[in-house]
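Below, each chain spelled out in residue letters.
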Amino acid sequence: MVTQEPMLKAALPLFARYTISNGLQTQHGVFQITLETVDRALPVVTRNKGLRLAQGAMGLLSADHLQLTDPDTPPETLTFLLNQLPRHGYLYLRGKVLQHNFTQQDVDSGGVAYQHSGGSSQADCFTFLATDRKNQGFVVDGKVRKEPVFFTIQVDQLDKEAPQITHLHSPSQVGLLKSGRYGIYITSRVLKASDPDTEDGQIIFKILRGPLHGHLENTTTGEFIHERFSQKDLSRKTILYIINPSLQVNSDILKFQIMDPTGNTASPQSLELKWSYIEWSQTEYEVCENIGLLPLEVTRRGYSIDSAFVGIEVNQVSAVVGKDFTIAPSKLVQFDPGMSTKMWNIAITYDGLEEDDEVFEVILISPVNAVLGTKTKAAVKILDSKGGRCHPSNSFNQSKHSTRGKGIWHPQPSGSSSLTTAGSPHLERRHRPSFSKGDVLQGFDLTDLSQRKMRTHGNGKSVLPSSVCKNGTDTIYNYHGIVSLKLEGDGFSAHKRKAKISIQSQPQRTITVAELPPADKVESTTDSHFPRQGLLPLFPRNCSVELKGLFHFEEKTHRLYQCDGVTWKAWSPQAEGLKGKSCPAGWHLHSGHCHTLITQQKGTWTTATRACREQYQGNLVTVFSKRHMQWLWDISRRKPFWIGLKNQVRTGRWEWIGGEPVAFTNWKRGPPQHPKPGQNCVLVHKRGQWQSQDCSKGKAHNFVCSRKL
């Protein structure tokens, strides 16, 4: 095969000299030879990859995108004839709109470009025929073509939206690291953003203000994080917040802003980190050898919504386990959600022998989901009774809240017995007045209730209890028969002594006046919302039918609570006027409201709301607490039902239609951040969990109406 360049040279004229002779004469001459080339090869489309560019952008058509070759035709002759122009943009040749054709030379020199018009289209194209200007047809993929060929143009839409936050919860799971430090992992479970146009590694959390009391670390590199981290880092669990326990704070705040590679940013957000501290309430005890049971108080302060644990280690020093004292088999103290105080009991052994004072230490170790405070060690000094008499040192203050953190524990009265086993929990160690059925409370100040004495009177004479036993620092008096009790206080005027408690029982039955049952959890009801965590009341026991009518006075809030058989409710003289009221037939009382389950006329959320208002003079039910939700789920026979929670379009917030604050939720996967139009009403579904549903379309369900008693 003759290459193009030799063939071109062969097209030039050639000259030859010749001589003719007959033997007698000779003739010389020159003749010219001209070679003409024949173009028989067809042009070949060797590259047609198309062009990709952003919406509204301009892109050059280079030889990498479009190329036409021919062995016997130069690039300036190889021509692209336009058959159909682009619909969503324009072709340009050296800055001018291209209408007809362009050559391979134009492509090679970067003179051909495509400009997108900026519309919403995601694809464009133009069609062409290729020619060498002599032959008909051109070759594509080994086949001769005479029809137009497509050149495709892919248009990428601009990413104009910033990533959206899908999870934003306060992390509170504290871990004790191998290095001895305390840390909280920040993972995609508590902080997550998503963007359909951006990969996780490119969703950036830009730190606007780092934590004030601790710092962020990358667990992979060990480096401090000052400026940014990605969603991919969160998913890989490489972001760790390090707590500084020396500052004795229990929360911190990280301010950040999410962004994508194109510069789209969302509104600034804050992530609050919370944790709690566990320590002894006091660090030194002096106890008499015949005290019996010594309860040691362990306290938790800070965030206490989650469970926490702490281990206890005993250092015998001079006292000997099993000889001088006995400890509980379990050396682990558990704090349930909402619990801030636990007791760990030690039984002091009384042998009646005169001996030196003994000392041992109890140490808090290995916390789980909490940080150890400064008071991790408590020393107990056992004083010898010296022939039945105990002489504690005057250097110890009897108050457990003394500034030195010391206290004296005196022995129980002779003949008393302990109702508490070692290691059993108590919420509070201070005295808690408790009252029984048939109470008459009038004419006294609740704030002075904790300062009064309990005295017994019967027919003008003192009535002795049948038995007295001590539970920690709470004394329990047991009586038989009918007894009247009065609350009295020194210095109180006569009109303040009208509080009277009457207790009646069947003959030969024991009446417990001040009973301190095992500690239990607290329920926040409609009548008892508290401003902050530190003022949550700690009830001795769950309210039940057996405790119906009993009162409990909370010293922290100076409020009185009464058990109605279901929940503890704040008591006031005004609340007495409601006692005569009751729910209508077919309605059930809970949390101060009457409830009725409607199953005969199932409907959508909208029709259920109208029915509650027009037919039952109430509203779709408002859920106040976890216990309230469980009660509703039970009376609904564990079938789905509508509640009165709705996402208000004007505010973008979830609100109860009755106007109550949203103090409790039970979402299946967290509250929907951006509910679909119309799907902004709440249905209680499997296991009492909430999910958003369409308000006026879809399957009809039961619903619960409620109205305040």
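(A) Local environment of the nonpolar core. One finds Ile186, Leu191, Phe205, Phe229, Phe360 and Val362 to be the most contacted residues of the largest nonpolar core, which totals 58 residues. Not counting the four nearest positions on each side in its chain, valine 362 is found in contact with Trp280, Leu296, Ile312, Glu313, Val314, Trp344, Ile346, Thr376, Lys377 and Ala378.

(B) Seen up close, the state of the cysteines. According to the stated counting rule, one finds 4 disulfides in the structure shown. The side chain of cysteine 612 participates in a disulfide bridge whose partner is cysteine 705; the two sulfur atoms lie 1.9 Å from each other. Between cysteine 612 and cysteine 705 the sulfur-sulfur dihedral comes to about -85 degrees; the bridge is accordingly left-handed. In this pair, cysteine 612 sits in helix 4 (residues 605–614) while cysteine 705 sits in strand 55 (residues 701–708), placing the two residues 93 residues apart along the sequence. The exposure class of cysteine 612 is buried, given its relative accessible area of 0%. At a sulfur-sulfur separation of 1.9 Å, the disulfide partner of cysteine 681 is cysteine 695. Given an S-S torsion of about 95 degrees, the disulfide between cysteine 681 and cysteine 695 has right-handed geometry. Pair noted here: cysteine 681 is in strand 53 (residues 681–684) and cysteine 695 is in the loop between strand 54 (690–693) and strand 55, with a separation of 14 residues, a long-range link. The two residues cysteine 681 and cysteine 695 agree in class, both being buried.

(C) Molecular detail of a nonpolar patch on the surface. Judged by side-chain polarity, Leu14, Tyr18, Ile20, Phe31 and Ile33 come together as a nonpolar surface patch covering roughly 430 Å² of accessible area. When contributions to the nonpolar patch are tallied by element, the ones reaching two or more residues are strand 1 (14–21) and strand 2 (26–33). Sort the elements by how many residues they give to the nonpolar patch and strand 1 lands first, with 3 residues. Positionally, tyrosine 18 belongs in strand 1.

(D) Spatial organisation of the sheet that holds strand 20 (residues 204–209). Ordered in space as 22-20-24-25, the 4 strands form an open sheet in which the pairing is antiparallel. In the strand order of this sheet, the two ends are held by strand 22 (228–230) and strand 25 (269–274), each with one partner. Each adjacent strand pair in this sheet contributes to an overall mean axis angle of 35 degrees, direction not counted.

Definitions and limits used
- Residues numbered from 1 in each chain as written.
- Predicted model: local features only at pLDDT ≥ 70, side-chain atom pairs only at ≥ 80, totals over all residues.
- Heavy atoms only, no water.
- Core = buried A, V, L, I, M, F, W, Y, C linked by side-chain atoms within 4.5 Å.
- Buried < 20%, exposed > 50% of the residue type's maximum accessible area, 1.4 Å probe, protein only.
- Contact = heavy atoms within 4.5 Å.
- Disulfide = S-S within 2.5 Å.
- Helix = DSSP H or I, 4+ residues; strand = E, 2+ residues; numbered from the N terminus.
- Patch = residues over 30% accessible without salt bridge, like charges linked within 9 Å, V, L, I, M, F, W, Y side chains within 5 Å.
- Areas by Shrake-Rupley, 256 points an atom, 1.4 Å probe, with all protein chains shown as cover.
- Salt bridge = Lys/Arg side-chain N within 4 Å of Asp/Glu carboxyl O.
- Pairing = 2+ DSSP bridges.
- Axes fitted to C-alpha atoms, helices over the stretch in contact; angles between N-to-C directions.

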